[in-house]
Each structure stands twice: as structure tokens, then as C-alpha cells.
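Coordinate analysis (summary)
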Amino acid sequence: MRRHEFQPGRLLAGLVLTAVGVLYLLDAAGETDLPWFLVVPMAVGGLVLAALVGMVTYAVRRDRRAGATGSADRRMSESADR
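One structure accompanies this document, and this report is about it. (Residues numbered from 1 in each chain as written. Predicted model: local features only at pLDDT ≥ 70, side-chain atom pairs only at ≥ 80, totals over all residues. Heavy atoms only, no water.)

Check the secondary structure of the protein chain and you find two helices and zero strands. Across the 82 residues of the protein chain, 11% fall into the buried class. Approximately 6900 Å² of the protein chain is accessible, and the part contributed by carbon and sulfur atoms is 65%. (Helix = DSSP H or I, 4+ residues; strand = E, 2+ residues; numbered from the N terminus. Buried < 20%, exposed > 50% of the residue type's maximum accessible area, 1.4 Å probe, protein only. Areas by Shrake-Rupley, 256 points an atom, 1.4 Å probe, with all protein chains shown as cover.)

Encoded structure:
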């Protein structure tokens, strides 16, 4: 399998939806008595949090790429001036 970059937003979304699914299965099996109106906000809140984490991750990586490209361009222009 090819290596890929770590995406914490997707990890968080998967963990939240897995937790909601496990809670739903426990409720269906009769192990817990979980009202449905608690599961929906948990799922939506987790997905919103995952989206925020994804946007922050994207912004940080974009700034790092811009900084690395800018410094490389600066070094090339300095060497051309000499």
C-alpha cells in the first residue's frame, strides 16, 4: 500500500461514528437505554468537530508548504543575484 499523509479529521470522524454505532448496537441489544435524540447530536457534533480539525490541518499544511516554497524561491533569487 502506498504511504499517505495523516489526516486527523478523518480519524476523528471514524472514531465518532464508530462510537455512535456501538452505542446504537448496545441499545438495540437491550444493554443500555439510550434515547435517540442523544445519538443524533453526538454524531452531528462529532462530524462538525472533525470538519474543524480537518480545516485546521489543511490551513497548517498550506502555510508550511507556502513557507517552504517561499524560502526556496528566495534562495534561488539570491544565488542568481550573485
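So, next bit.
A separate point is a nonpolar patch on the surface. Among the surface-exposed residues, Trp-36, Phe-37, Leu-38, Val-40, Val-44, Val-48, Leu-49, Leu-52 and Met-55 lie close enough to one another that they form a single nonpolar patch of about 920 Å² accessible area. Note that Leu-52 resides in helix 2 (residues 36–81). Residue Leu-52 is classed as partly exposed on the basis of its relative accessible area, which comes to 44%. (Patch = residues over 30% accessible without salt bridge, like charges linked within 9 Å, V, L, I, M, F, W, Y side chains within 5 Å. Salt bridge = Lys/Arg side-chain N within 4 Å of Asp/Glu carboxyl O.)

Once that is clear, we can look at the pattern of salt bridges. With the rule as written, the count across this model stands at two salt bridges. Note that Glu-5 and Arg-61 form a salt bridge whose closest N and O atoms lie 3.6 Å from each other. Taken as a pair, Glu-5 in the segment before helix 1 (8–29) and Arg-61 in helix 2 lie far apart in primary sequence, 56 residues in all. Here the salt bridges share partners, and the residues they tie into one network are Glu-5, Arg-61 and Arg-65.

Relative to the 32 Å expected for 22 residues at 1.5 Å per residue, helix 1 spans 31 Å between its end C-alpha atoms, a close match to the ideal helical length. Within helix 1 the residues assigned to the buried category are Gly-9, Ala-13, Val-16 and Val-20. Mapping the buried residues of helix 1 onto a view down its axis gives an arc of 70°, with all of them on the same face. Those residues of helix 1 that are exposed and aimed more than 90 degrees away from the buried face are Arg-10, Leu-15, Leu-25 and Ala-29. Of the residues one or two after helix 1, Gly-30 is the one with positive phi, at around 90°. (Expected span 1.5 Å × (residues − 1). Arc of directions from axis to C-beta.)

Positionally, Val-56 belongs in helix 2. Taking the C-alpha atoms as reference points, Val-56 and Gly-9, 47 residues apart in sequence, are found 9.1 Å from one another.

Tracing the backbone shows Leu-49 in helix 2. Overall, Leu-49 belongs to the partly exposed group, its relative accessible area being 45%. When the C-alpha atoms of Leu-49 and Leu-12 are compared, they prove to be 8.1 Å apart, with 37 residues separating the residues in sequence.

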